[in-house]
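Spelled out from the first residue to the last, the chains are:
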Amino acid sequence: MADQWPECVSRVKGVILDMCGVLYDSGEGGGVPIEGSVEAVRRLKSSDLQLRFCTNETQATREKFVAKLQRMGFDIDVREVFSPAPAVVSVLKERCLRPHLLVHDDLLPEFDGVDKSDPNCVVIGDAADNFSYQNMNAAFHVLISLDKPLLFSMGRGRYYKETDGLKLDVGVYMKALEYACDLEAEVVGKPAPMFFQSVLNDMGIQPHEALMIGDDLVNDVGGAQRCGMKGLQVRTGKYRPSDETHPTVTADGYVDNLACAVDAILEHRRV
Amino acid sequence: MLLGFIVGVLNNGDGCSYTRRFLIVFVFFPSVFSRCCSPPVQLVAVTQQALVRQKQVNTKSQEEEEPNKPVVLRKDPSKFLLRRAKVAVKFVTNTTKECKRTLLERLRCLSFDIEEREIFTSLTAARNLLELKDVRPLLLVEDSAREDFAGIETTDPNAVVIGLAPDHFNYEMLNKAFRLILDGAPLIAIHKARYYKRKDGLALGPGPFVTGLEYSTDTQATVVGKPEKTFFLEALRDLNCSPEEAVMIGDDARDDVGGAQNTGMLGILVKTGKYRAGDEGKINPPPHLTCESFPEAVNHILQHLLDTK
């Protein structure tokens, strides 16, 4: 039963952590760390495992986002964090695309060096209050005016948890525009295989040597599993009990929180 | 004008002992009455302008409405063969913005004498469903449509109704709807149109937002407007008429004709309004009949579909 959690961790060389809902709960004032997570990250870092962070966070630039987590007490560096905005910027440059942006105001600096005139594609992120009818219509107009409408979505999450409750994520608005324009968006971020692969490349390990820990069953756990990685779901953040009986995705393991996951991982590696 | 005469003939006819061999269901938005030319049946000559304007009002804005010129309004009602043929008539529409009263008022301003009970809209269908399920809705509809939900309890909602409501399609309101649905509230969509035409160009309809909420909660909305079966069945209910005894005339191959035929009615497609060449080939089975115009459709019904015994 070497492939079962938690025995499988004996082969693991690297751990990838989702951030929101695993490390902290977001909300007013930036959010609060989940109990035990600050310490859990520290323990992983001092182990022999490689550690990366993989987020679909698009409400702030990567720099500001990491600074926020550092203020919460997390030992984390910008270079260890993978987020969709830098990834989409490199795709845009590679393919000579000029985006119309429907994103959070605080994310805009990530696109500073990108030509946004006469747009020939639309990029959406978790725009929160910027998801107004007017802004959705503007994005819709750009798309239907194009011969080949092209929509990039930074993630495809359904919802996430803030301290005052669950909030709609970018995937909902991606679906709305897909339906309106009869197209299929290109997802940059989790669960896109390319996104996970870039994290694995950075660690220099094979998929079966990596373990993903997240609170989003479909995008974190399911996405990682489709790449050949192991996926654990934490019962924090957006976790709902019904996730454990999901019709299509079954995690390799379910743990109460990141601290419990790290306990089990380190325990089994000592054996 | 057509509506006025039809009702007038009904009321002035030989009482209410009609044998309802056929229920004729018309769409008036989008209009089946536009571009009527030299109609074989007089009654239709009038309807053109009025109903074309209806369409404008519905899809664009109130200000665009021109003053009405009901030129043929006072023609001899006896010519209105459809009413004399003793069939029940109902007018069905997928409006999400306009309550029945406004609809009627406008028609009456145009000298139509039409009964409220002859109109069946997607808002009525939504209301019926709410009453059936005995739920309290969060109403994402424009203020102009709220009247059709008068008397329905809306405090502490445990259901969500979505129509075309740009004012409500903001992040905060959609989050509210999302949380209710996640807690088990049924999602009721008046219809799922992708977009509609406004003065300043195309604008997103309710469909994209319904689709987004469906995705967010992994649920399926109940759509109450055309082309849903339940819509047509509800429209027929108070007439004690089975779908097999009814004919639908419309300009939308999929939503009007296809929807009606899937319910068991006969569907007649008219080549006016939003009709585009080749539309009749887009549904399977094809329309029972495709006509140049509404009057031709009426003629066909009178000559071939009514039981004249």
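Predicted model, so just to flag it, every value in this text is computed and none were measured. (Residues numbered from 1 in each chain as written. Chains lettered and ligands numbered in written order. Predicted model: local features only at pLDDT ≥ 70, side-chain atom pairs only at ≥ 80, totals over all residues. Heavy atoms only, no water.)

Engineer: What is the right way to look at the overall build of chain A in this model?
Structural biologist: Regarding its fold elements, chain A presents eight helices and 14 strands. The C-alpha radius of gyration of chain A comes to 18 Å, within 12% of the 18 Å expected for a compact globule of 271 residues. Along the longest, intermediate and shortest principal axes, the C-alpha atoms of chain A span 60 × 35 × 35 Å. Relative to its 271 residues, chain A shows a buried fraction of 61%. Across chain A, every contact between residues at least 6 apart in sequence was considered, and the portion connecting residues at least 24 apart equals 65%. A total accessible area of about 11,300 Å² is found for chain A, and carbon and sulfur atoms account for 47% of it. Averaging the locations of the 29 positively and 41 negatively charged side chains of chain A gives two centres separated by 3 Å. (Helix = DSSP H or I, 4+ residues; strand = E, 2+ residues; numbered from the N terminus. Rg over C-alpha atoms; globule rule 2.2 N^0.38 Å. Buried < 20%, exposed > 50% of the residue type's maximum accessible area, 1.4 Å probe, protein only. Contact = heavy atoms within 4.5 Å. Areas by Shrake-Rupley, 256 points an atom, 1.4 Å probe, with all protein chains shown as cover. Lys, Arg positive; Asp, Glu negative; His and termini not counted. Charge placed at Lys NZ, Arg CZ, Asp CG, Glu CD.)

Engineer: Would you mind going over the nonpolar core with me for this structure?
Structural biologist: Note on soluble globular proteins: their nonpolar side chains tend to be buried together. Ranked by internal contacts, the top residues of the largest apolar core, which has 55 residues, are Ile124(A), Met136(A), Tyr173(A) and Leu213(B). Beyond its immediate chain neighbours, meaning those up to four positions away, Ile124(A) contacts Leu102(A), Val103(A), Leu151(A), Phe152(A), Ser153(A), Met154(A), Val170(A), Tyr173(A), Met174(A) and Leu177(A). If you look at the next biggest cluster of nonpolar residues, it comprises 35 residues, including Cys8(A), Val41(A), Phe65(A) and Val262(A). (Core = buried A, V, L, I, M, F, W, Y, C linked by side-chain atoms within 4.5 Å.)

Engineer: Would you mind showing me how to read the interface of chain A and chain B here?
Structural biologist: Note on interface size: it is often stated as the accessible area lost on association of the parts. In this assembly, 30 residues from chain A lie in contact with 26 residues from chain B. The largest per-residue losses of area from chain A upon contact with chain B belong to Tyr133(A), Leu168(A) and Tyr179(A), which jointly make up 32% of the total buried on that side. At the boundary of chain A with chain B, the tally comes to one salt bridge. Linking Asp218(B) and Arg158(A) is a salt bridge whose minimum nitrogen-to-oxygen distance equals 3.9 Å. (Buried area = accessible area lost by both parts, 1.4 Å probe. Salt bridge = Lys/Arg side-chain N within 4 Å of Asp/Glu carboxyl O.)

Engineer: Hey, could you run me through the state of the cysteines in this one?
Structural biologist: Should the sulfur atoms of two cysteines be covalently bonded, the bond is a disulfide. Residue and element names in this part refer to chain A. As enumerated under the stated definition, the model contains zero disulfides over all chains in all. No disulfide involves Cys-8; its nearest neighbouring cysteine sulfur is the one of Cys-260, lying 16 Å away. Using a relative accessible area of 3% as the deciding quantity, one classes Cys-8 as buried. (Disulfide = S-S within 2.5 Å.)

Engineer: Sorry if this is basic, but what is going on with the packing of aromatic side chains here?
Structural biologist: For any two aromatic rings, the description comes down to two numbers: the centre-to-centre distance and the angle of the planes. Scanning the entire structure with this criterion turns up 11 aromatic pairs over all chains. With 6.4 Å between their ring centres and 40° between their planes, Tyr173(A) and Tyr171(B) make a pair best called tilted. Separated into two different chains, Tyr173(A) in helix H5 (residues 170-181) and Tyr171(B) in helix H7 (residues 171-182) make up a pair that spans both. Tyr171(B) carries the same exposure label as Tyr173(A), and that label is buried. An aromatic cluster is present here, built from Phe131(A), Tyr173(A) and Tyr171(B) joined pairwise through their rings. For the cation-ring pair, Arg158(A) lies above Tyr215(B), with the distance from its terminal atom to the ring centre recorded as 4.3 Å. (Phe/Tyr/Trp six-rings, centres within 6.5 Å; stacked < 30°, edge-to-face > 60°. Lys NZ or Arg CZ within 6 Å of the ring centre and 35° of its normal.)

Engineer: Where do I start with the domain arrangement of chain A in this structure?
Structural biologist: All names here are of chain A. Structurally, chain A comprises domain 1 (7-83 + 190-269) and domain 2 (84-187). Domain 1 puts 23 residues into the contact, and the matching count from domain 2 is 23 residues. For the domain 1 and domain 2 pair, buried surface summed over both sides reaches about 2,000 Å², with 54% attributable to carbon and sulfur atoms. If you sort the residues of domain 1 by the area they bury against domain 2, Thr-58, Gln-59 and Lys-238 come out on top, with a joint share of 34%. At the junction of domain 1 and domain 2, the tally comes to zero salt bridges. Taken together, the links from domain 1 to domain 2 amount to 11 residue pairs in polar contact (both at pLDDT 80 or more). Its residues assigned to classes, the side of domain 1 that touches domain 2 comprises six nonpolar, 10 polar and seven charged. (Domains from an automatic or database assignment. Polar contact = N/O pair within 3.5 Å; in protein donor to acceptor, adjacent residues only side chain to side chain. Nonpolar A, V, L, I, M, F, W, Y, C, P; charged D, E, K, R; others polar.)

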